[in-house]
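# Fold and contact review
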Amino acid sequence: MRQATCQRYGVIPANHTAGEEIALRGRDVVRRLGAQLRMSLAPRHCAICRGHLPGATESLCPGCREDLPWMDGACPRCANARPDGSLCAACATQLPPQDYAIAAFHFTGAVRRSILQLKYHAAFAQAQWLGAGLAQAARERHAALPDWIVPIPLHARRLRGRGYNQALELARVVGKELGIPVVHAVLRRHRATVDQIGQSRNARRRNLRGAFHAAPVIAGRHIALLDDVMTTGSTFGEAARCCRTAGAASVAAWAVARA
């Protein structure tokens, strides 16, 4: 059942034509193979400071790893920074649709720069250590892991323009680290939305209302939605609401960083 489901829902979002599926799959493969080839041929350098790495498996040097802005305490429902790990005032007033939220880092410094490089400049090497950091946070902060990791989807128009979904690139790393299937076409963004940079929380919510559609196969599954950054939580909230409506047993929000 799991294999059949992944074959049906784990490749390309359902609102693409056959030609778009072939083109996007080809572009994705070429980009990732090119990135892997560059990484294998180039000397090993730290992904942040570009200093030499003595080990063959590390992405960061010890100094950069030590300086990472880890999220040490956060609200358990929205991942907003809370030194004591207690429920924040906003969540105490109205609980968000997701059951819990995890963010590995604060969205600042090297984490911010690396996420933007991945998001806008196809710097896939950054996904390795960012994804590994999120996997580590998930292991340490929540005992029960989900059945599936579901990356937050891009609308087909934006996916065509960018050529890849950074959330999917991160999800692949997290899924491999944790041994959890990444099933990315069970949730699709069937309505295009305007860029949300600079928008207020209420404006983001209005912009995202009805933007997602979840496949019925999600019913009864424990899932973790995954994205690069959580800002106001509006995207996660709308996607979680959609998954709940489709019958998901539980929905978590996993972000690499919290703004």
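All residue numbers refer to position in the chain's written sequence, counted from 1. Local features are withheld for residues below a pLDDT of 70 in this predicted model, meaning they are given only at 70 or higher, and side-chain atom pairs are given and counted only at 80 or more; totals for whole chains, interfaces and linings count all residues. Computation of side-chain values covers all heavy atoms of the structure but excludes hydrogens and water.

Here the axes come from fitting lines to C-alpha atoms, over the contacting stretch only for helices, and the angles between their N-to-C directions go from 0 to 180 degrees. Strands are runs of DSSP state E lasting at least two residues, helices are runs of H or I lasting at least four, and both sets are numbered from the N terminus onward. Relative orientation of the contacting elements helix α5 (residues 109-121) and helix α6 (residues 125-141) amounts to 130°, with a least axis distance of 9 Å. When the interaxial angle is binned, α5 and α6 end up oblique. The handedness of the crossing between α5 and α6 comes out as left-handed. Mapping the contact onto sequence places A110, V111, S114, I115, Q117 and L118 in α5 and Q126, A127, W129 and L130 in α6. Put simply, Ala, Val, Leu, Ile, Met, Phe, Trp, Tyr, Cys and Pro go in the nonpolar bin, Asp, Glu, Lys and Arg in the charged bin, and everything else, Gly too, in the polar bin. The class makeup of the residues in the contact of α5 with α6 is seven nonpolar, three polar and no charged. Should an angle fall under 35 degrees it is called roughly parallel, over 145 degrees roughly antiparallel, and 65 to 115 degrees roughly perpendicular, with every other angle called oblique. When the near helix sits turned anticlockwise from the far one by under a right angle, the crossing is termed left-handed; a clockwise turn instead gives a right-handed crossing. Throughout, a residue-residue contact means that at least one pair of heavy atoms, one from each residue, lies within 4.5 Å.

So, about the environment of I180. Take I180: it is sitting in the loop between α8 (166-178) and β3 (187-189). Setting aside residues up to four positions removed in sequence, I180 forms contacts with L145, P146, D147, W148, I149, G175 and W254.

Here we come to the pattern of salt bridges. Each reported salt bridge corresponds to a side-chain nitrogen of Lys or Arg within 4 Å of a carboxyl oxygen of Asp or Glu. One pass over the structure, following the stated rule, counts six salt bridges. In this structure, the salt-bridge partner of E58 is R65, at a minimum N-O distance of 3.2 Å. Exposed residues in this analysis have more than 50% of their type's maximum accessible area, buried residues have under 20%, and partly exposed residues fall in between, with area computed by a 1.4 Å probe over protein chains only. The class of E58 is partly exposed, set by a relative accessible area of 36%. Put simply, R241 and E238 hold a salt bridge, and the shortest N to O gap is 2.8 Å. Of this pair, R241 and E238 both sit in helix α10 (residues 234-245), three residues apart, which is roughly one turn of the helix.

Our next topic: unusual backbone geometry. Positive phi values are uncommon outside glycine, yet R50 reaches one of about 70°. The phi torsion at A79 lies on the positive side, around 65°, for a residue other than glycine. Along the polypeptide, A79 turns up in the loop between α3 (62-66) and α4 (89-93).

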